[in-house]
Amino acid sequence: MNIAYIGLGNMGLPMAHNLIKAGFQVKGFDLSANALKAFATAGGSPCINAADTLEGADVVVTMLPASQHVRSLWLGDSGLLRCLRPGTLLIDSSTIAATAAREVASAAANLGIDMIDAPVSGGTAAAEAGTLTFMVGGTSEQLERARPVLESMGQRVLHAGAIGAGQVAKACNNMLLGIILAGSSEALQLGIAHGLDPKVLSEIISVSTGANWVLSHYNPCPGTLDTAPSARGYTGGFATDLMLKDLGLAVEAATGTGAIVPLGSSARNLFAMHSAAGQGRLDCSSVFQLLAARQS
Ligand code: NAD
């Protein structure tokens with residue numbers, strides 16, 4: 001099976017590498033020359049533009065930053081959907097708006113091309129280890145076609161529903177993560193303002209009704225957890241700006257549905273303030289610092 005891979009960044013490169021290790025022929029393209037060089041070193045066939053990767057492709061995987069990148073790659077006058085053969089399977093693993101996924105899928109379907117949305121959870125470490133979770137939107141038949149490719153890059157392949165449902169599931173998860181991160185930071189800072197040891201407070205909450213994944217695996221307070229980004233200056237995790245993008249997608253997803261997301265909106269505002277303060281590239285758990293007690 002010939003695979004075209006477009007978007008060889010922090011996530012795409014290790015994911016494409018796992019496809020190569022699984023024995024697929026993989027052609028790839030990225031706007032960054034460095035990414036293309038790393039892809040060649042990993043055993044892939046680099047191309048000089050996206051259209052070249054599509055020649056002879058049975059499956060195309062995209063791992064691009066945001067909705068506008070996916071839309072402009074496939075749609076419009078210079079869109080590349082027309083370069084695909086009918087019957088090609090398109091897997092978009094970027095985190096984008098569900099509306100954008102549905103729009104591209106509908107244009108693809110008109111040309112006899114199947115598309116699923118398959119955003120991931122797990123981050124760069126899981127991308128390298130091949131242990132990502134895929135949240136898939138599409139038909140069962142489309143998912144089964146994609147399964148061998150997805151299982152070469154991840155551990156779990158979950159069917160969320162029809163096209164766009166994977167993106168909605170991803171937005172729901174990351175909205176909740178943002179809310180829990182902000183809430184856990186707030187609780188720890190309140191304890192600290194009263195002189196409590198944050199490590200002891202984390203232990204108490206972790207066996208009480210406020211227990212959550214952030215406190216036990218991603219504690220935002222430095223000195224509480226050796227393996228968390230907070231232990232290494234908030235580097236090497238999930239950037240504040242990516243969290244901000246995902247919270248924006250969650251709030252956008254609520255629009256027009258009647259769903260109300262007051263906590264998601266508050267979390268988005270909080271991470272927007274943190275980003276505007278110049279912390280966009282730091283791991284998102286650094287929002288803990290924004291919530292430090294002020295001198296009274
Ligand atoms: P990244 O910025 O490292 O990689 C994106 C790559 O796409 C870049 O190398 C860029 O040069 C390339 N690109 C942009 N436009 C292009 C085009 N038209 N043609 C070819 N290449 C193009 O981002 P990432 O961290 O790999 O994230 C990719 C997606 O995965 C995002 O939607 C992100 O939200 C999502 N995601 C990221 C993580 C994470 O921990 N980094 C976790 C889960 C999901």
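This one's a predicted model, so the numbers in the text were calculated from it and none came from an experiment.

Cut-off values and rules
Residues numbered from 1 in each chain as written. Predicted model: local features only at pLDDT ≥ 70, side-chain atom pairs only at ≥ 80, totals over all residues. Heavy atoms only, no water. Helix = DSSP H or I, 4+ residues; strand = E, 2+ residues; numbered from the N terminus. Rg over C-alpha atoms; globule rule 2.2 N^0.38 Å. Buried < 20%, exposed > 50% of the residue type's maximum accessible area, 1.4 Å probe, protein only. Contact = heavy atoms within 4.5 Å. Areas by Shrake-Rupley, 256 points an atom, 1.4 Å probe, with all protein chains shown as cover. Lys, Arg positive; Asp, Glu negative; His and termini not counted. Charge placed at Lys NZ, Arg CZ, Asp CG, Glu CD. Pairing = 2+ DSSP bridges. Right-handed = clockwise from strand over helix to strand, strands pointing away. Phe/Tyr/Trp six-rings, centres within 6.5 Å; stacked < 30°, edge-to-face > 60°. Near = heavy atom within 4 Å. Polar contact = N/O pair within 3.5 Å; in protein donor to acceptor, adjacent residues only side chain to side chain. Nonpolar A, V, L, I, M, F, W, Y, C, P; charged D, E, K, R; others polar. Axes fitted to C-alpha atoms, helices over the stretch in contact; angles between N-to-C directions. Parallel < 35°, antiparallel > 145°, perpendicular 65-115°, else oblique. Arc of directions from axis to C-beta.

A. Quick peek at the overall build of the protein. Tallying secondary structure elements over the protein gives 13 helices and nine strands in all. For the protein, whose C-alpha radius of gyration is 20 Å, the value lies close to the compact-globule estimate of 19 Å for 296 residues. Projecting the C-alpha coordinates of the protein onto the three principal axes gives extents of approximately 65 × 45 × 35 Å. Expressed as a percentage of the 296 residues in the protein, the buried residues total 48%. When contacts within the protein are restricted to residue pairs at least 6 apart in sequence, long-range pairs at least 24 apart make up 64% of them. With the model as given, the accessible surface of the protein reaches about 13800 Å², and the carbon-plus-sulfur share is 57%. Averaging the positions of the 17 positive and the 21 negative side-chain charges in the protein gives two centres separated by 2 Å.

B. The arrangement of unusual backbone geometry in detail. Phi at tyrosine 234 is positive, roughly 60°, even though this residue is not glycine. By relative accessible area, tyrosine 234 is classed as buried at 4%.

C. Representation of the pairing of strand β1 (residues 2-6) within the structure. A large share of β1 lies buried, amounting to four of its five residues. Strand direction decides the pairing type here: β1 and strand β2 (residues 25-29), joined by five bridges, are parallel. Each residue of the ladder has a partner; that of tyrosine 5, found in β2, is glycine 28. The β-α-β motif built from β1, the intervening helix α1 (residues 12-21) and the parallel element β2 has right-handed crossover chirality. Relative to strand β4 (residues 59-62), β1 runs parallel, the two sharing four bridges. Across the sheet, residue isoleucine 6 finds its bridge partner in β4, namely threonine 62.

D. The arrangement of the environment of valine 168 in detail. As for its position among the elements, valine 168 is in helix α8 (residues 165-193). The partly exposed category is assigned to valine 168, whose relative accessible area is 30%. Measuring from C-alpha to C-alpha, the distance between valine 168 and alanine 98 comes to 6.2 Å, with 70 residues separating the pair along the chain. Apart from the residues lying within four places of it in its own chain, the contact partners of valine 168 are Ala98 and Arg102.

E. Structural context of the packing of aromatic side chains. The tally for this structure, following the rule as stated, stands at one aromatic pair. With centroids separated by 5.4 Å and ring planes inclined at 20°, the aromatic side chains of tryptophan 213 and tyrosine 218 adopt a geometry described as stacked. Under the relative-accessibility criterion, tryptophan 213 is labelled partly exposed at 47%.

F. Quick look at the site of the ligand. In the region of the ligand, 21 residues are neighbours, and Asn10, Met11, Asp30, Pro65 and Lys245 sit closest. Within the backbone of asparagine 10, a nitrogen or oxygen atom sits 2.9 Å from an oxygen atom of the ligand. At 2.8 Å, a backbone N or O of proline 65 approaches an oxygen atom of the ligand. Residue assignment for the shell around the ligand shows that the elements contributing at least two residues are α6 (123-129) and α11 (240-254). When grouped by side-chain class, the residues that make up the shell around the ligand number 10 nonpolar, eight polar and three charged.

G. Local environment of the pairing of β4. The side-chain alternation of β4 yields two buried faces, one formed by Val59 and Val61 and the other by Val60 and Thr62. As paired elements, β4 and strand β5 (residues 89-92) share four bridges and run parallel to each other. The residue bridging threonine 62 from the neighbouring strand is aspartate 92, located in β5.

H. Structural view of the packing of helix α4 (residues 67-74) against helix α5 (residues 98-110). Orientation of α4 relative to α5, taken along the N-to-C sense of each, is 10°, at an axis distance of 10 Å. By the angle between their directions, the pair α4 and α5 is classed as roughly parallel. Of α5, the residues touching α4 (which contributes Ser67, Val70, Arg71 and Trp74) are Thr99, Ala100, Glu103 and Val104. A class-by-class count of the residues in the contact of α4 with α5 yields four nonpolar, two polar and two charged.

I. Region of the structure containing α4. Along α4, the residues that are buried comprise Ser67, Val70, Leu73 and Trp74. One face of α4 carries all of its buried residues, which in axial projection span an arc of 140°. Looking at the buried side of α4, the elements it contacts are β1, α3 (50-54), β4, β5 and α5.

Read these as spatial facts, not as claims about activity.
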